[in-house]
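# Secondary and tertiary structure notes
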Amino acid sequence: MPELPTTARGAATRRRILDAAAAEFAERGIAGARIDRIIAAARTNKAQLYGYFGSKDGLFDAVIADLSDRLRNAVPLDADDLPGWAVSIYDENLRHPELARLLAWLRLERHPAGRLMDDAPDDEPKIKAIEAAQAAGRLRQGDPAALMALVISLAFAWSPVSSYHAAWAGEPEEVHERRRALLRETVARAVAP
């Protein structure tokens, strides 16, 4: 059973491993990632990596959980402002494009169909918030989970896994502003009662 670090130094090493693994997995996927490259980038050794994460798959799971937590904490859902939530997700994808790539690898290598992550503990409060806004007449009726999925999909339209165009932070700000405006308006129309 993997163990959590008990010292500040151990926590720092674990963080370096997560960051190095996120970059490696985002670039090469689960199958293509190499533990030797991860430990070299993290300036650690295999014993520490396996001690903290158990296996390569355990490390990938930890990376997905870590980046998903970062996204959830950076972009909390506001059921009364789903257009703003979508724009915040767009902006977070600009800041951290590796999450979308990692989710794409997760879809390709582990979950080709169905829910991408079955154990998303924060979904229930979000769904309840959407249900409450629907009951109050502030959002369109329909399956709240499907409505949330639609908004997330729109927010990821220009993510690094887009089939049309992947946005990047280096594009002119006016381009991002046009996309944000279009995204905000499209989501507002899609969720209007």
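Before reading on, note that the structure itself is shown above.
Residues numbered from 1 in each chain as written. Predicted model: local features only at pLDDT ≥ 70, side-chain atom pairs only at ≥ 80, totals over all residues. Heavy atoms only, no water.

## Topic: the packing of helix α7 (residues 123-135) against helix α8 (residues 144-155)
Two quantities define a packed helix pair, namely the angle between the helix axes and the distance between the axes. Our working definition: Angular values range over 0 to 180 degrees, each being the angle between N-to-C directions of two axes fitted as lines to C-alpha atoms, with helices fitted over their stretch in contact. Helix numbering and strand numbering both begin at the N terminus, where a helix is a DSSP run of H or I of at least 4 residues and a strand a DSSP run of E of at least 2. Angle categories are assigned with fixed cut-offs, so that under 35 degrees is roughly parallel, over 145 is roughly antiparallel, 65 to 115 is roughly perpendicular, and the rest are oblique. The contact criterion used is simple: two residues touch if any of their non-hydrogen atoms lie within 4.5 Å. Following the grouping adopted for this structure description, the nonpolar residues are Ala, Val, Leu, Ile, Met, Phe, Trp, Tyr, Cys and Pro, the charged ones are Asp, Glu, Lys and Arg, and the polar ones are all others, Gly among them.
Across the interface, α7 lies against α8 with an axial gap of 9 Å and an inter-helix angle of 105°. Between α7 and α8, the crossing angle belongs to the class labelled roughly perpendicular. Where α7 abuts α8, its residues Asp123, Lys126, Ile127, Ile130, Glu131 and Gln134 lie against Pro144, Ala145, Leu147 and Met148. Per-class residue counts for the contact of α7 with α8 are 6 nonpolar, 1 polar and 3 charged.

## Quick word on the pattern of salt bridges
Note the cut-off: Only one rule defines a salt bridge in this text: a Lys or Arg side-chain nitrogen within 4 Å of an Asp or Glu carboxyl oxygen. Relative accessibility under 20% of the residue-type maximum defines a buried residue, over 50% an exposed one, and the middle range a partly exposed one, all with a 1.4 Å probe and only protein chains included.
Within the structure shown, the criterion is met by 20 salt bridges. The salt bridge involving arginine 15 is made with aspartate 19; its shortest N-O contact spans 3.0 Å. One end of the pair is arginine 15 and the other is aspartate 19, both in helix α1 (residues 8-32) and 4 residues apart, which spans about a single turn. The class for arginine 15 is partly exposed, based on a relative accessible area of 30%. What makes aspartate 19 partly exposed here is its relative accessible area of 37%.

## Points about the packing of aromatic side chains
What counts is decided by this rule: Whether two aromatic rings pair depends on their centres lying within 6.5 Å, for rings of Phe, Tyr and Trp, where Trp uses its six-membered ring; planes under 30 degrees apart make the pair stacked, over 60 edge-to-face, and the rest tilted.
The tally for this structure, following the rule as stated, stands at 3 aromatic pairs. Residues phenylalanine 25 and phenylalanine 60 carry aromatic rings whose centres are separated by 5.0 Å and whose planes lie at 85° to one another, so their mutual orientation is edge-to-face. Here the residue phenylalanine 25 occupies a position in helix α1, and phenylalanine 60 occupies one in helix α4 (residues 56-74), the gap between them amounting to 35 residues. For phenylalanine 25, a relative accessible area of 0% corresponds to the buried category. With a centroid separation of 5.8 Å and 90° between ring planes, the pair formed by tyrosine 90 and tryptophan 158 is classed as edge-to-face. Taken together, the residues tyrosine 90 in helix α5 (residues 82-95) and tryptophan 158 in the loop between α8 and α9 (173-191) connect sequence positions 68 residues apart. Like tryptophan 158, tyrosine 90 is buried.

## A few points about the packing of α1 against α4
Where α1 meets α4, the closest approach of the two axes is 9 Å, and the angle between their N-to-C directions is 105°. In this view, α1 runs roughly perpendicular relative to α4, as classed from their interaxial angle. Between α1, through Arg15, Ile17, Leu18, Asp19, Ala21, Ala22, Phe25, Ile30 and Ala31, and α4, the contact on the second element is made entirely by Lys56, Asp57, Leu59, Phe60, Ala62, Val63, Asp66, Leu67 and Arg70. Taken together, the residues of the contact of α1 with α4 sort by class into 12 nonpolar, no polar and 6 charged.

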